[in-house]
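Architecture and fold: a report
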Amino acid sequence: MPGYEAFDQSEKKEVMDVMETGILMRYGFENQRGGVNKTLEMEKALCEKLGTRHAQLTPSGTTAVSTALAVCGIGAGDEVIMPTFTFVASFESILALGAIPILVDIDDTLTLDPAAVERAITPRTKAVMPVHMCGAQAHLDELMAICRKHNLILIEDACQATGATYHGKALGTFGRMGCFSFDFAKVITMGEGGAVVTDDDLLAKKADGYVDHGHDHVGSDRGAESHPFMGMNYRVNELASAIGLAQLRKLDSIVARQKQTKKYIKDALAAEFPRLSFRRVLDPEGDIATFLSFSLETLEQAEAATRALVENGVGGVFHYYNNNWHYIRRWNHLKERATLYRLPQEVLDGMPDYATKTFPQSDAIISRNISTAINLSWSDDQVKARTEAMIRALRTVF
């Protein structure tokens, strides 16, 4: 990752197809666009790649999550269970709908701990939203069973896992809806972009309207279309879709290269440092290898190792315990309920006090974990040099 490392003439060709029509909007202008609609083309290609019936592009992964929650009926006072380790968009999307984010612990997969999910369920729980962090799977078997048992909605956040699978089936296609991100730093990119996918025809129809102010898209006169419900302007533009279409065709080769690189580095570190423990991946074959995650024995070791890696020129090193974006510990804006709008009373009354709530299980895992990015553009020589630098750095700790 990221996909922009794979830019070539194919992205330019797709963009120029759009520019030659002059039509940048996804909807309407059929006479002028001359059959060129990159958004529809990418949505079809995404369905074929993921093995799902429907895909709806959005301007970002955040709007994809927001759309999935909305069309699944998540609203005021509903509780949505989510992990302590994710991106801030998870709780932002929940709060924006007047719903309540219920954060629960992760385990050594760096994803939702099913036992913690079960303990967190209340009569107000409406959905469970696992996040397939760093390119690998959450506990889908257990989480699907929990959702069936309690009649809950499973919404998958696969924003960091485009192309990943679980026992041969694409992540994002197990739940009621799945969400993807194609931002500039993702495994494939649209510059900014996202998608929701589903096999449910009714949810797909709702998503199609919701992202376009509730338009029903019936007939050939956009101005005469009905609005069965209120929606948002989450339309994607044709230039972004054109880039994404070219990138999607490269997904398999991108993942193959990342797997090769990750395996080389992991095998070398495992041979050199028997005490180093690696993230548990539930289906290694389905991991898209965007990150190599490993754990030290203590927080102090992890902090020392992070410093040593940086000092030895190893870039893309993430010690998430001290990260502002991805872990609850430094989400001060959530803890302080700092918004530019007044949160609904249901949220104010129902949301846990995250300023005081502790997550010792998550802390014990994230505090010792280091995740290192796997870049697509590294040559074999660069991979070897990086591996040697990582070994030098970790020798200062072990």
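Residues numbered from 1 in each chain as written. Predicted model: local features only at pLDDT ≥ 70, side-chain atom pairs only at ≥ 80, totals over all residues. Heavy atoms only, no water.

Cut-off, in case you're wondering: UniProt positions are given in the numbering used here, feature names are shortened, and annotations may be inferred rather than shown by experiment.
As annotated in an unreviewed UniProt entry, the chain is DegT/DnrJ/EryC1/StrS family aminotransferase from Candidatus Merdimorpha stercoravium. The UniProt entry for the chain carries this comment under Sequence similarities (unreviewed entry): "Belongs to the DegT/DnrJ/EryC1 family."

**Section: the packing of helix α1 (residues 9–21) against helix α9 (residues 238–248)**
When two helices pack together, you describe them by how their axes are tilted relative to each other and by the distance separating the axes. How we decide: Convention adopted: a line fitted to C-alpha atoms gives each axis, helices being fitted over their contacting stretch, and angles between N-to-C directions are expressed from 0 to 180 degrees. Counting from the N terminus, the helices are DSSP H or I runs at least four residues long and the strands are E runs at least two residues long. Any angle that falls under 35 degrees is termed roughly parallel, while one over 145 is termed roughly antiparallel, one within 65 to 115 roughly perpendicular, and all others oblique. If you view the pair so one helix is near and one far, a crossing is left-handed when the near helix is turned anticlockwise from the far one by less than a right angle, and right-handed when it is turned clockwise. We call two residues in contact when some of their heavy atoms are within 4.5 Å. Gly falls in the polar group here, along with every residue not listed as nonpolar (Ala, Val, Leu, Ile, Met, Phe, Trp, Tyr, Cys, Pro) or charged (Asp, Glu, Lys, Arg).
Two numbers describe how α1 lies on α9: the axes approach to 8 Å, and their chain directions differ by 150°. Judged by the angle between their axes, α1 and α9 are roughly antiparallel. Crossing of α1 against α9: the hand is right-handed. Contacts between α1 and α9 pair Ser 10, Glu 11, Glu 14, Val 15, Val 18 and Met 19 from the former with Glu 238, Leu 239, Ala 242, Ile 243, Leu 245, Ala 246 and Gln 247 from the latter. Residue composition of the contact of α1 with α9, by class: 8 nonpolar, 2 polar and 3 charged.

**Observations regarding the packing of helix α3 (residues 38–50) against α9**
Closest axis-to-axis distance for the α3/α9 pair is 8 Å, and the angle between their directions is 30°. For the pair α3 and α9, the crossing hand works out as left-handed. Residue-level inspection shows Lys 38, Thr 39, Glu 41, Met 42, Ala 45, Leu 46 and Lys 49 of α3 in contact with α9, the latter providing Glu 238, Ser 241, Ala 242, Gly 244, Leu 245 and Leu 248. The residue inventory of the contact of α3 with α9, partitioned by class, reads 6 nonpolar, 3 polar and 4 charged.

**Notes on the state of the cysteines**
Selection rule: Disulfides are defined as pairs of cysteine sulfur atoms found within 2.5 Å of each other. Accessibility here uses a 1.4 Å probe with only protein chains present; expressed as a share of the type maximum, an area under 20% marks a residue as buried, one over 50% as exposed, and anything in between as partly exposed.
Considering all chains together, one arrives at 0 disulfides under this definition. For Cys 47, which is in no disulfide, the shortest distance to another cysteine sulfur is to Cys 179 and amounts to 14 Å. Classification of Cys 47 as buried rests on a relative accessible area of 13%. With no disulfide of its own, Cys 147 has Cys 72 as its nearest cysteine by sulfur position, at a separation of 11 Å. Taking the relative accessible area as the measure of exposure, Cys 147 reaches 6% and is therefore buried.

**Observations regarding the pairing of strand β8 (residues 177–181)**
Threshold: By definition, two strands form a pair when at least two bridges between them are found by DSSP.
Among the 5 residues of β8, 5 are classified as buried, and the element is accordingly described as predominantly covered. Of the two faces of β8, both are covered, the one formed by Met 177, Cys 179 and Ser 181 as well as the one formed by Gly 178 and Phe 180. Pairing of strand β5 (residues 153–157) with β8 involves 3 bridges; the strand directions are parallel. Bridge pairing in β8 places Ile 155 opposite Met 177.

**Comments concerning the sheet that holds strand β2 (residues 79–83)**
On the basis of which strands lie adjacent, the open sheet formed by 7 strands has the order β1-β9-β8-β5-β4-β2-β3 and mixed pairing. Both edges of this open sheet fall to β1 (54–58) and β3 (100–104), since each of them pairs with a single strand only. Here the strands of the sheet are splayed against their neighbours by 25° on average, with no regard to which way each runs. Strand direction decides the pairing type here: β1 and strand β9 (residues 194–198), joined by 5 bridges, are antiparallel. Following the sheet pairing, Thr 58 is matched in β9 by Gly 194. With respect to the sheet, α3 is in contact with β1, β8 and β9, its orientation differing from that of β1 by roughly 130°.

**What to know about the layout of surface pockets**
Here is the rule: Definitions used for this entry: grid spacing 1 Å over protein atoms alone; cavity, a set of points where a 1.4 Å probe fits but cannot get out; pocket, an open set with protein on both sides within 12 Å along at least 5 of 7 lines; lining residue, one with an atom within 4 Å of a point. Grid points are joined across faces, edges and corners, and a volume is the space filled by probe spheres set on the points.
Its volume calculated, the largest pocket comes out at about 690 Å³. In terms of lining, the largest pocket is formed by 34 residues, of which the most central are Gln 160, Asp 183, Ala 185, Lys 186 and His 326. Of all elements in the fold, only α4 (61–71) and α5 (89–96) reach the threshold of two or more residues within the lining of the largest pocket. A per-element tally of the lining of the largest pocket places α4 first, with 3 residues. Partitioned by chemical class, the residues of the lining of the largest pocket number 16 nonpolar, 13 polar and 5 charged. In this structure, the second largest pocket spans a volume of roughly 510 Å³. For the second largest pocket, the lining is made up of 27 residues, of which Arg 26, Tyr 27, Leu 40, Asp 208 and His 217 are closest to its centre. Counting residues per element, the ones that place at least two in the lining of the second largest pocket are α2 (30–33), α3, β1, β9 and α8 (201–210). The element contributing the most residues to the lining of the second largest pocket is α8, with 5 residues. In terms of residue class, the lining of the second largest pocket is built from 9 nonpolar, 8 polar and 10 charged.

**Notes on the pairing of strand β13 (residues 369–373)**
Burial of β13 is extensive: 5 of the 5 residues sit out of reach of the surface. On β13, burial covers both faces: Asn 369, Ser 371 and Ala 373 on one face and Ile 370 and Thr 372 on the other are all buried. For strand β12 (residues 317–318) and β13, the ladder comprises 2 bridges, and the chain directions are antiparallel. The residue of β13 that forms the bridge with Val 317 is Thr 372.

**Points about unusual backbone geometry**
Its identity is not glycine, yet Asn 151 carries a phi of approximately 55°, on the positive side. By the element assignment, Asn 151 lies in the loop between α7 (140–150) and β5. On the basis of relative accessible area, Asn 151 is assigned to the exposed category, the value being 70%. With a phi angle near 55°, Arg 337 is a residue other than glycine that sits in the positive phi range. Within the element layout of this structure, Arg 337 appears in the loop between α12 (332–335) and α13 (345–350). Residue class for Arg 337 comes out partly exposed when judged on its relative accessible area of 27%.

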